[in-house]
Number of protein chains: 2
Amino acid sequence: MPKRTDAQRPGEFELIARYFAPLSGEGAFGLIDDAALVSVTPGKALAMTQDAIMAGVHFLPDDPPNLIAAKALRVNLSDLAAKGATPAAFSLSLGLHDGWDEAWIAAFAGGLASDCASYGLSLSGGDTFRAPGGPVISITAWGEIDPAAYKSRLGARPGDLLFVTGTIGDGAIGLKVRLGEAGYRDLPAAPILLSLYLAPRPPVRFAPLIAQFASASMDISDGFVGDLRKMALASGVSMEVHAGNLPFSPQVREALALPGAMVAALTGGDDYQILFTVSPARLEAFREAAALQDVTVTQIGHVVPSDAQSPIFIRELKGVDVTASAGSYSHF
Amino acid sequence: MPKRTDAQRPGEFELIARYFAPLSGEGAFGLIDDAALVSVTPGKALAMTQDAIMAGVHFLPDDPPNLIAAKALRVNLSDLAAKGATPAAFSLSLGLHDGWDEAWIAAFAGGLASDCASYGLSLSGGDTFRAPGGPVISITAWGEIDPAAYKSRLGARPGDLLFVTGTIGDGAIGLKVRLGEAGYRDLPAAPILLSLYLAPRPPVRFAPLIAQFASASMDISDGFVGDLRKMALASGVSMEVHAGNLPFSPQVREALALPGAMVAALTGGDDYQILFTVSPARLEAFREAAALQDVTVTQIGHVVPSDAQSPIFIRELKGVDVTASAGSYSHF
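This structure is a prediction, so every number in the text was calculated from the model and none was measured.

Colleague: Describe the pairing of strand S8 (residues 237-242) of chain A, and please don't skip the residues or the numbers.
Modeller: Residue and element names in this part refer to chain A. Burial analysis of S8 places 5 of its 6 residues in the buried class, which makes it a mostly covered element. Bridge count between S8 and strand S10 (residues 297-305): 5 bridges; the pairing is antiparallel. Counted as the bridge partner of Met 239 is Val 303 from S10. One ladder, built from 4 bridges, connects S8 with strand S11 (residues 312-315); its direction is parallel. The residue of S11 that forms the bridge with Val 241 is Ile 314.

Dropping the structure here:
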């Protein structure tokens, strides 16, 4: 608790003025006030989410700071997109490790600035503090939504079709590359896999289609199998998936022959794609609208009545038992 | 990054269901969804703030968990009250130290539950994660406000009267008790001072008067002198304070003869009271309304035109130089 000063490093208020205030928007008072004033269009509500990432748990301390910033932000954008909400702003709690220097902050803020520009976001407030063992970054992000269009994970009904955006497993295989696991580190696609692990690319632009067409939706962050099970339990249904339909990227296909690769791809997490259901009555309109998007979507199965034996069935997954393994990332 | 399981401890989802879901409110989906749906009354906006506290920095790891929870929440309620907003809900990012057990979680959640009841709050979401070196807790809190009534720290004008709620210095002297400093630990009022340090008592019920009458307002969290200077600089004015008018509690008065006590009381932070200004035209109406409250307020000085030499003048502070010392808590 003793105060600490370090003449070689800028103080909190200089850091905020120099690196974070330029990211601030309307209602943020240039980040010099205690709070932010967040306006909401009449008739709209806010979808709001808060997720943290911590050194040694969600990223490695020597990962590039701009990618740590991107990951901290995007894990939250992923949640909002899965609810059908386009993100508008965020606040930032930044716990700095004892060895931080100004170059680290500059790179971290640069990562935020880049994503603010890409996604049309502004920074509304937050705090910085000393965090031995950090960095630790907790971001709260929000976006406006028509309350009737908010999509929870509770609305899947038997007969609905099950979809995912993008591809599955890139993040989990990328983590194996990051950890230097034998076989994985030598893959020709190792650099691509690593970059997808370090900075996920949630399909933020797909949010309006989720709002318009999904019956249930969630982001895949803790592992495809475990998250699918969570949606099934939340909706009171079971899910039937055809393994042959699961979308894998070329770089994940390249890795699948390695030991543990399929289990990692299906249960490892860090996908930040959207798992969602569409009722048959909306299917044709959904397909027409989705065809105009640059986000790929794949129908991987369908929703069936709740089966007390098992909330999920994965057909044709030859020789790989993913449901017996934990199936979902444990945060502890 | 390896997964970790521990059969002796409940998993993340059990913890949430058992201890945190009972605190959740409307739009939180029982804490099983990726985000929360936050409704806002038409014509209102949200005042929103995010502040974190970390073991070894803002509290000691062996502090009682219910008081750690109260502190994590109340530092945010303090910000909202100072903006004139009554808090309504919050989200929680909880980073758990490796040695956590279920009793710690139960006590921590009990602290939140108690404050939810006292202040009329609900929990809307957030996350839990492993935080070696923690606990670290980042809370985002918000409350509705008429956008025109939001009070920043930028609105103080020369001639305005300067007030504080409650008393100054209890938290900073309480920290000296907590650290066992000679003299302080033996004060008869040591237990009271300690409890005020561990769990501050921001004047949340005073928020409507701030909204109605203040010209500028901020919470005192980083030290009275430094925070006064921040308000002066933000408003482009100087502040003149009469030291004899500063409100000290009986327990702080008891400590003031000890070495370093006056400097700690005025610069040490952890007050979580409100520093605010009222224009002369509103003074009589403000005094009438304030007389009906159970929150004490003290006029400590007034706002003067900006003086380039010094943003603040503290008159009659015999033999104590607080402006030369850092004057504000450094978060690093």
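Colleague: How would you sum up the side chain of B:Ser238? Please name residues and give values.
Modeller: Relative to the elements of secondary structure, B:Ser238 occurs in strand S8 (residues 237-242). Residue classification places B:Ser238 among the buried positions, given a relative accessible area of 1%.

Colleague: Got a sec to walk through the relation of the copies chain A and chain B? Specific residues and values, please.
Modeller: Superposing chain A onto chain B takes a rotation of 180° combined with a translation of 0.0 Å along the rotation axis, leaving an RMSD of 0.0 Å. Between the two chains, the operation in question is that of a two-fold axis. Within chain A, A:Pro42 has its C-alpha nearest the rotation axis, a separation of 2.6 Å.

Colleague: Any details on the interface of chain A and chain B? Residues and values, ideally.
Modeller: Across the contact, 72 residues belong to chain A and 72 residues belong to chain B. When chain A packs against chain B, the two sides together hide about 6000 Å² of surface, and 61% of this comes from carbon and sulfur. In this structure, A:Arg153 and B:Asp34 form a salt bridge, with 3.4 Å as the shortest nitrogen-oxygen distance. For the pair chain A and chain B, the number of links is 33 residue pairs in polar contact (both at pLDDT 80 or more).

Colleague: How would you sum up the packing of helix H4 (residues 170-178) of chain A against helix H5 (residues 190-198) of chain A? Please name residues and give values.
Modeller: All names here are of chain A. With their axes 7 Å apart at the nearest point, H4 and H5 run at an angle of 110° to one another. The angle between the axes of H4 and H5 places the two elements in the roughly perpendicular class. In terms of crossing hand, the pair formed by H4 and H5 is left-handed. From H4, Asp 170, Gly 171, Ile 173, Gly 174, Leu 175, Val 177 and Arg 178 reach across to H5, where they touch Ala 190, Leu 193, Leu 194, Leu 196, Tyr 197 and Leu 198. Grouping the constituent residues of the contact of H4 with H5 by class yields 9 nonpolar, 2 polar and 2 charged.

Colleague: Provide a residue-level description of the sheet that holds strand S11 (residues 312-315) of chain B, including the pertinent values.
Modeller: All names here are of chain B. Pairing is mixed across the open sheet formed by 6 strands, whose spatial order is S7-S9-S6-S10-S8-S11. In this open sheet, the two edge strands, each paired with only one partner strand, are strand S7 (216-220) and S11. Neighbouring strand axes in the sheet, compared pairwise and without regard to direction, differ in orientation by 25° on average. As paired strands, strand S6 (residues 161-165) and strand S10 (residues 297-305) are joined by 5 bridges and run antiparallel to one another. Considered in S10, the bridge of Thr 165 is made with Val 297. In this fold helix H2 (residues 65-82) packs onto S7 and strand S9 (273-278), with an angle of close to 165° to the strand it touches most, S7. Sitting on the sheet, helix H7 (residues 224-235) touches S6, S7, S8, S9, S10 and S11, and the angle it makes with S7 is about 155°.

Colleague: Before we move on, can you summarise the packing of helix H1 (residues 12-20) of chain B against helix H3 (residues 102-119) of chain B with the specific residues and values?
Modeller: Residues and elements named next belong to chain B. Close contact between H1 and H3 brings their axes to 10 Å; oriented N to C, the two are set at 40°. With respect to each other, H1 and H3 are oriented oblique. The way H1 lies across H3 gives a crossing that is right-handed. In this structure, H1 uses Leu 15, Arg 18, Tyr 19 and Phe 20 to contact H3, whose residues at the interface are Glu 102, Ile 105, Ala 106, Phe 108, Ala 109 and Leu 112. Its residues assigned to classes, the contact of H1 with H3 comprises 8 nonpolar, no polar and 2 charged.

Colleague: If you had to explain the sheet that holds strand S4 (residues 122-130) of chain B to someone new, which residues and values would you point to?
Modeller: The 5 strands lie next to each other as S1(A)-S2(B)-S5(B)-S3(B)-S4(B), forming an open sheet whose pairing is mixed. The open sheet terminates on both sides in strands that have one partner only, identified here as strand S1 (36-38) of chain A together with S4 of chain B. Sheet twist, expressed as the average angle between the axes of neighbouring strands with direction ignored, equals 20°. In the sheet, strand S3 (residues 89-96) of chain B pairs with strand S5 (residues 136-145) of chain B via 7 bridges, with the strands oriented antiparallel. Directly across from B:Ser93, in S5(B), lies its bridge partner B:Ser138.

Colleague: Help me get a handle on the confidence of the model for chain A, residues and values and all.
Modeller: Residue and element names in this part refer to chain A. Within chain A, residue pLDDT values average 93, and 94% of them lie at 70 or more. Across residues 1-7, where pLDDT falls below 50, the model places 17 contacts with residues more than four positions away in sequence or in other chains. pLDDT under 50 marks residues 325-329. Its contacts with residues more than four places away, or in other chains, come to 19 contacts.

Colleague: Residues and numbers for H4(A), please.
Modeller: All names here are of chain A. Of all the 9 residues making up H4, 8 are buried; the element is thus mostly covered by neighbouring parts of the structure. Of the residues making up H4, those classed as buried are Asp 170, Gly 171, Ala 172, Ile 173, Gly 174, Leu 175, Lys 176 and Val 177. The inward-facing, buried residues of H4 abut H5, helix H8 (250-255) and helix H9 (261-267). The first or second residue beyond H4 is Gly 180, which carries a positive phi of 70°.

Thresholds applied
Residues numbered from 1 in each chain as written. Chains lettered and ligands numbered in written order. Predicted model: local features only at pLDDT ≥ 70, side-chain atom pairs only at ≥ 80, totals over all residues. Heavy atoms only, no water. Buried < 20%, exposed > 50% of the residue type's maximum accessible area, 1.4 Å probe, protein only. Helix = DSSP H or I, 4+ residues; strand = E, 2+ residues; numbered from the N terminus. Pairing = 2+ DSSP bridges. Least-squares fit on C-alpha atoms with pLDDT ≥ 70 in both. Contact = heavy atoms within 4.5 Å. Buried area = accessible area lost by both parts, 1.4 Å probe. Salt bridge = Lys/Arg side-chain N within 4 Å of Asp/Glu carboxyl O. Polar contact = N/O pair within 3.5 Å; in protein donor to acceptor, adjacent residues only side chain to side chain. Axes fitted to C-alpha atoms, helices over the stretch in contact; angles between N-to-C directions. Parallel < 35°, antiparallel > 145°, perpendicular 65-115°, else oblique. Left-handed = near helix turned anticlockwise from the far one by under 90°. Nonpolar A, V, L, I, M, F, W, Y, C, P; charged D, E, K, R; others polar. pLDDT = per-residue confidence, 0-100.

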